[in-house]
Structure formats: structure tokens, C-alpha cells
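# Commentary on secondary and tertiary structure
The lines below spell out each chain.
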Amino acid sequence: MIDNVSTETTAVPGSALLSEARARRVEELIAAMTTEEKLAQLYGLWAGASADGAEVAPHQHDMDAPPALAELLPYGLGQLTRPFGTVPVDPALGALSLMRTQERVVAASRFGVPAMAHDECLAGFAAWGATTYPVPLSWGASFDPELVREMAGAIGRDMRSVGLHQGLAPVLDVVRDARWGRVEETIGEDPYLVGTVATAYVRGLESAGIVATLKHFAGYAASRGGRNLAPVGIGPRELADVVLPPFEMAVREGGVRSVMAAYNDLDGVPCAADERLLTGLLRDVWGFDGTVVSDYFGVAFLATLHGVAGDRAQAATAALAAGVDVELPTVNTFGRPLRDAVAGGRLPGEVVDRAVRRVLTQKAGLGLLDPGWSARPAALAGLELDGTGPERLRGTVTLDSPAHRDISRRLAERSVILLRNDGTLPLAAGDTGPARIALIGPQAETRTAVLGCYSFPVHVGARHPDTPIGIELPTLREALAAEFPASEIVTVAATGIDDPVVPGAALPDGFAEAVRAVRAADVAVLALGDRAGLFGRGTSGEGCDAETLDLPGAQGLLLNTVLDAARAAGTRVVVTLLAGRPYVLGRAVTEAGAIVQAFFPGQEGTPAVAGVLSGRINPSGRLPVSAPRLAGAQPSTYLAAPLARASDVSSIDPTPAFGFGHGLTYTSFTWSELEVRAEGAALPTDGAAQLAFTVTNTGGRAGVEVVQLYLHDPVASVVQPAQRLIGYVRLPLAAGERARIGVTVPADLASFTGRDGRRIVEPGALELRLAASSTDVRLTAALTLTGPVRYVDHTRALHATFTVGT
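Being a predicted model, the structure only gives us computed values, none of them experimental. (Residues numbered from 1 in each chain as written. Predicted model: local features only at pLDDT ≥ 70, side-chain atom pairs only at ≥ 80, totals over all residues. Heavy atoms only, no water.)

## As for the nonpolar core
Leu77, Phe125, Tyr201, Phe217, Phe334, Ile440 and Val575 are the most contacted members of the largest nonpolar core, which totals 225 residues. If you tally residues by element for this core, the top one is helix α7 (residues 191-207), at eight residues. Grouped together as the second largest cluster of nonpolar side chains are 33 residues, Leu709, Val743, Ala772 and Leu785 included. (Core = buried A, V, L, I, M, F, W, Y, C linked by side-chain atoms within 4.5 Å. Buried < 20%, exposed > 50% of the residue type's maximum accessible area, 1.4 Å probe, protein only. Helix = DSSP H or I, 4+ residues; strand = E, 2+ residues; numbered from the N terminus.)

## Let's talk about helix α10 (residues 275-285)
Restricting attention to buried positions, one finds in α10 the residues Leu277, Leu278, Thr279, Gly280, Leu281, Leu282 and Arg283. The opening residue of α10, the one whose side-chain oxygen lies 3.2 Å from the backbone nitrogen of Arg276, is Asp274. At the C-terminal side of α10, Gly287 shows a positive phi close to 85°. (Polar contact = N/O pair within 3.5 Å; in protein donor to acceptor, adjacent residues only side chain to side chain.)

## Let's talk about the sheet that holds strand β28 (residues 801-805)
Within the open sheet, the four strands sit side by side as β17-β19-β22-β28. Their pairing is antiparallel. Looking at the sheet topology across the chains shown, the edges are occupied by β17 (669-676) and β28. Each neighbouring strand pair of the sheet contributes to a mean axis angle of 20°, computed without reference to strand direction. Judged from the six bridges that link them, β17 and strand β19 (residues 688-697) form a sheet pairing that is antiparallel. When the sheet's bridge partners are listed, Ser672 is paired in β19 with Thr694. (Pairing = 2+ DSSP bridges. Axes fitted to C-alpha atoms, helices over the stretch in contact; angles between N-to-C directions.)

## Digging into the packing of helix α6 (residues 145-161) against helix α16 (residues 402-415)
Contact geometry of α6 with α16 gives a least axis separation of 10 Å together with a crossing angle of 150°. In terms of orientation, α6 lies roughly antiparallel with respect to α16. Where α6 crosses over α16, the two elements pack in a sense that is left-handed. Of the residues in α16, those touching α6 at Leu147, Val148, Glu150, Met151, Ala154 and Asp158 are His404, Ile407, Arg410, Leu411 and Arg414. Split by residue class, the contact of α6 with α16 holds six nonpolar, one polar and four charged. (Parallel < 35°, antiparallel > 145°, perpendicular 65-115°, else oblique. Left-handed = near helix turned anticlockwise from the far one by under 90°. Contact = heavy atoms within 4.5 Å. Nonpolar A, V, L, I, M, F, W, Y, C, P; charged D, E, K, R; others polar.)

## Section: the pattern of salt bridges
Within the structure shown, the criterion is met by 42 salt bridges. The shortest N-O distance in the salt bridge between Glu413 and Arg616 comes to 3.9 Å. Placement of the pair is Glu413 in helix α16 and Arg616 in the loop between α22 (605-614) and β17, with a sequence separation of 203 residues. A relative accessible area of 46% means that Arg616 is categorised as partly exposed. A salt bridge links Arg436 to Glu488; its shortest N-O distance comes to 3.0 Å. Linking Arg436 in strand β12 (residues 436-440) with Glu488 in strand β13 (residues 488-492), this pair joins segments that are 52 residues apart in sequence. Each member of the salt-bridge network shares a partner with another, and the members are Glu150, Asp406, Arg409, Arg410, Glu413, Glu483 and Arg616. (Salt bridge = Lys/Arg side-chain N within 4 Å of Asp/Glu carboxyl O.)

## Structural notes on a nonpolar patch on the surface
Where nonpolar side chains cluster on the molecular surface, the patch consists of Val501, Leu507 and Leu557 and spans about 240 Å² of accessible area. One can find Val501 in the loop between β13 and α19 (509-519). (Patch = residues over 30% accessible without salt bridge, like charges linked within 9 Å, V, L, I, M, F, W, Y side chains within 5 Å. Areas by Shrake-Rupley, 256 points an atom, 1.4 Å probe, with all protein chains shown as cover.)

## Some remarks on the packing of aromatic side chains
All told, the structure shown has 14 aromatic pairs when counted by the stated rule. Ring plane angle 65° and centroid distance 5.5 Å describe the contact between Phe84 and Phe125, whose orientation is recorded as edge-to-face. Separated by 41 residues along the polypeptide, Phe84 in the loop between β3 (79-81) and α4 (91-108) and Phe125 in the loop between β4 (116-119) and α5 (136-142) bring together distant segments of the chain. There is no split in this pair, since Phe84 and Phe125 are both buried. Centroid distance Tyr638 to Phe660: 4.6 Å. Interplanar angle 10°. Geometry classified as stacked. Of this pair, Tyr638 sits in the loop between α22 and β17 while Phe660 sits in the loop between α22 and β17, placing them 22 residues apart in sequence. Each member of the pair, Tyr638 as well as Phe660, carries the same accessibility label: buried. Taken together, the aromatic side chains of Phe143, Tyr192, Tyr638, Phe660, Tyr710 and Tyr728 make up a single cluster linked through ring pairs. Directly above the ring of Tyr454 sits Lys215, whose terminal nitrogen or CZ lies 5.6 Å from the centroid. In this arrangement the basic side chain of Arg758 is found over the ring face of Tyr791, its NZ or CZ atom lying 3.8 Å from the centre. (Phe/Tyr/Trp six-rings, centres within 6.5 Å; stacked < 30°, edge-to-face > 60°. Lys NZ or Arg CZ within 6 Å of the ring centre and 35° of its normal.)

Below is the structure:
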């Protein structure tokens, strides 16, 4: 809830974190700068690095013709947009190009203030030749924040080494409708999972000296109909209890230094012009002291899309007054339109100074205002650059080290989810593996099948087909051949990812070939899923929204055809999915021998999937989003009120095929010996419950159980979800090993937004459910909250505490 919050300005943001000399430098610059020089710090230029190490050139994007660099530089420049993520460039030459541009920026203006340089880093540094990691939906599937933090640190160090300062990640949008194209960019459908994993990513990126950017603030993923950049129809309570908590956690605990305003409106007020959101809540309540940046062209959209501004000058003044400090990706409204508005008295100069102070404070914290600052990045340290031709530098900087690939591998392996298994898996590897494998489907030999839309090879490389991919991307067929060297593998694509189904037409020619291969095989592996892309060029990704959650194209028909052929021949069937969202799997849910889900698992993804099939890897991924049973029962997530569930008065049953948190392993676990350490099971509204229980690996091999803690509030003053996640822990156990788990649960975790818009903990019955998934509760602790209704705020406890003993 963002009503009834103060919008008064607070102390200078970040000033307490600066040395006296750096803080003094900020104030000296503000006092000496002209209006044009101040405004120059508040916008960027979209510039791609030069392939031969020359200065960057303005990117010819689709919105407006960019200004010339020479036209802007006498006044300075706030940001350089995506110098590495615009065109394929060798990393060393990109670093040289950025260095030379920074030297020009410094030399051309009176005060010599360098530009902040930012790039995308959603699934790895979006640069040619950089390691590609699993997409955020796989981060959520891993339930492993510490590994995500390690990954983000590696990404950040690479970015910092070539001269970058800011990364546009992570995405904290909570999935509300899986038809939305950008589901692959999210961490999942639960705000606690999203918040904990995203905060870990922020900590990793910030630890490397890169400014992390939370996006999209706020509500962007809650659009009507699952459409990109579409109206958002949510109430203040859903906003407060579902959408905002991940951002609040990342601000409080992550040390984040930037937030991106979302494109959408909230109840008619676009986020980029919402002072209550960007100033009243974010700064005055939560205490954020960094910079707020616009989403690309988002300020101009106030006039061109939202219709709340009559021209670009009005759009600029509305955004700046609301709390947007920096216009990205390029100067569009914060240049001449904003200058004219200030000159005409339509915006107080203090508002400009406020934003400039935030930007310069951030630059000072990065050392960009220090005497003797050098534009030379660490990647070029010690290299002779004067008179050096570009070919001598080419290949001297690597962004895909063995250590980075190892992180990508571990995260991929921990994120693969075994949805179903009737004993078909694991398939024995080596000489005892299946004699013949029929690998059927469009993902069988597609190298980019493991990549999301913000990976460099898809996002940028697709526009440069003659440029090598720059990293190794083994196909699923190659990974299976390496995993099962004694097996014959027969591969049939049968159909493309989104080849249409023509009603009444004969089956495509490839289907008959697939049927023959299945009948002759010991096991059929179906390779299904998505093609990542942008704005309709894929089946998943930004602007690639789905009408239904049926498998794209003819893949559903192929699935049924293979199941029929396999049943007739006695062939086992394993369905694999390399996708960006969950899909309806129809008959496979009950007829396939096994189903293995991987959400765009990065460059090490196909070996991870193959390892799960062979049994080399014991799967430990869990669903971060529910897997639907019906294509049209949307929107639906597990985080739903009782009326959103199956009932006798509706013909639509939204019960998922596989619920949030679900995932199988090749071993078994028992949960027992629950102890509730609360006298009479009573818990004061300002207290904390203490639970203890035992988990034992009763199977024959080591494995990981993901312990999930859900809260159920049966009677509340406002409608509550049937249950919601409030804690989790990954628990690796050897065969036969047992662990005693202790959990401390603050009553604050039972809080919700009450009828008056304030967050409360109210007395009454509660259940704490210890579960292997949202649909597999193992132990339940019944408690009673006692005492008065208690009001809590942004300083409340956010986490349960887990301890693991023997």
C-alpha cells in the first residue's frame, strides 16, 4: 500500500557513505555547473563499442535519430548505454573503445566528469564471448541464493574489468500470468523466493563494484492478459503484499544503488510519474538513497503512450519531479525539452539539483570524481596501447573462463527439475546404457535452445548471423552422445518450434520419420520447448507473449504422436523441455515415463540435462512457477485465495499438473519428529515460534531435499492466499544421513496489509507447514497468535532462521 506516506525530501542521498573530500567535490560541481551541464548528467547516449577499438558511435535505434556525440560532449554526459551489448566486439577492443570514449568525454567538458557506462547482465554479461548463465527462472528453480550470489559476483567482476559501472539486473517482477513473454526473466511466482534470490544477485553484483538495478518498479508483470507493456489491473493490497516485497527486501538487505521505473501505470498513474512510489515509498519510507533510472524511452512514453503529458517537456518535468533521476537509454526528453521547461519556470531548479546530486554522489562513490582517475580499465592494465593495432589486442581478454563455466554448470545442474518419473530414469550410462535412443523434436540440435532472450547470442547475435557465436553451445544431441557413448542416437526434428498446425492437413513428413525412430528405439527422448527472441521473433522473451499455455506450434501434436507410437512399440518416453515458461503437457503428465524441465539453463545446460537422464546428476531443482494442467486456466499461480481454486460452481479447474516447489529426486526422504517449542502452542503477536524436525535420506544415494516452509492463515480480516512461502533451505544429505532442522519463525512473517492499508499481525489460528512442495506438506505445526493486533512497518523481520544439526 502506498497511500498515506510522506513525500517530504530527506537528507542528501548517499552522502553519509562518501568521504568528506568526495562529498565536497559533489557540492562544488553542483554550485559551478550551468543548467545545461547539470542536465547532461541526467541522460545517456546509446553507443555501441567499435570493433576496431575506436570511439563508440551512437546506436541507430528504432525510436529516434540519436544526436552526435560531439553535440553533447561540451556539456558532459551522464551515461553511456550498452557499449558491449549493442554489436559484437572483441572484449579487449570493446574495452579500448570505451576507454577512448571516456577520455574524450573527460577532455571535452569543463569539469571532466566521466560517464557511467551500463550494460545488460540478466543471464550473464551481455557481451560477445561472455559466459552465458541460466536465466533467472532457473535461479529460482535452484532455490540456491548463495550460488546465485557467486554467479553475480563473477558477472560483475567481468563487467568492471572492461570499464563498466552499472548492470541492468535483476528482475524482481513476480509472475502473475505465465503467458507473459518475460516469464523467463523472472525468478518465479512467489515474492519470498523472488526477493531472496534477487537480493543475493544484488549482493554479488554490488560486491564487484557494479551498480545493480532493480527492475521493473513496480507491477510490470501483473499486466492484464499476460501482454507486454499493457495495463496493470491490481489493487493496493496485491501491490503491497505480492509485488512490492521483493523490492523492499533488496533495498533493505542488498545494498542496491539503482532502481528502474516500470513502463506500466498503477491505477492510472504511470510509474515513471508516480511521486508516491518513486519518492514517498522508495526513498522516504524504505530509505533508498541511490538513483532511479527510466526504462528505455519510458519518460517519452508518458506523452506518446500513456497520454498524461502533452509533449516531451511535460513528460520530462513529470518524471523528474516524481523521482526519476536518469533518462535511459539516450537523450530524448531530459535534453532540450527539459532545459526549456526549466528556463520557462515550469520546474524548480532545486528538483534538477536533487537528481544531479544523486547522480554525482553515485559517480563519486565509484571513484569517477577522484583526482587522477584513469579511464584505463583493469583488463587493459599493463598493455602497450599507444600505436598498437587492434589485431594485437584481439583475444587478450577472456570473458568465458573455466571458473565462470564451472559456476554456470553448477547452477544449471541444480536448476534442472524432474517433474515425473515412473522408474524410467535414470538411464544407465556407458556400456549399460540404452542401445538406441530416438531423440525427437525441434530442440534436439538447436545450439541456442538453452539461451534466453537477453543472452548476447540471441539478443544481439541474431542480427549478426555471420559472426561466430563466441562460446561453446553443445546441442542436446551432442550432450547425449557424450553422456551415452555406447548408444546409437537417431535424431529427428519432426517440426520447428512454432511451425503451425493446419487443421485437417496430413501430418508433416517429419512425423512419420519420428514414428519409425521411436518404434526402433529402446527409449525416446522428446526435445521440446521455446525459441527465445524479441518482439514476436520467438515464442518466449520480451514481446513474445503467448495466447495459451499449449506447447508452441505442432509440438503438442508431436508429443501425442510419439506417445502413441511408443505405447504400440513398448518404447519408454522421456520428455525434456528447454523453455522460458511452463507449458501444458497433456497426456505426458500421466503417460510419459519421465518429464525433465529446464528453464533456458545456459551454455552448460544440455550436459546438465543429459546428466540427469543418465543419473550422473541427482536432480534437485524445484518449480519456481506452477506447471499448468489446462492451457486456458490463466491467470493462475499457487499464491491464490480459496475462491481461485477448484470448486463445484465453476467448470474451470485451475489445479496445476505440478505445483510450485515440486521436484523429484533419485533418492527418498522422510520427515519426522516435529517439535513445536511454544508453550501451549500459543505465540504472542510480537513473538517467534521455534520448530524442530528431522529429515532422513532413506534412499540409496546422496541427494538434496529442498525444505519449504509455508504459512496458512485460516481466518483473517482480509482474504489471504491459501498458503504462502515464508522460508526454505537446501539440505544435502548422504545416503542414510539424517539432520535435525531447527526453525525460528518470527510472528512478523504472518503480517499482511489490513483493511486500513497498514501492515498488521493479528491474533488467531495459524498453520506452519513444512513441505517438499506447495502440494506435498509433510509436517504441520498448529499455533495460535495471541495478544493485540500489532502494526509493523518496513523494519519488520523478513526471514525465518534455519539451523541444521545432527
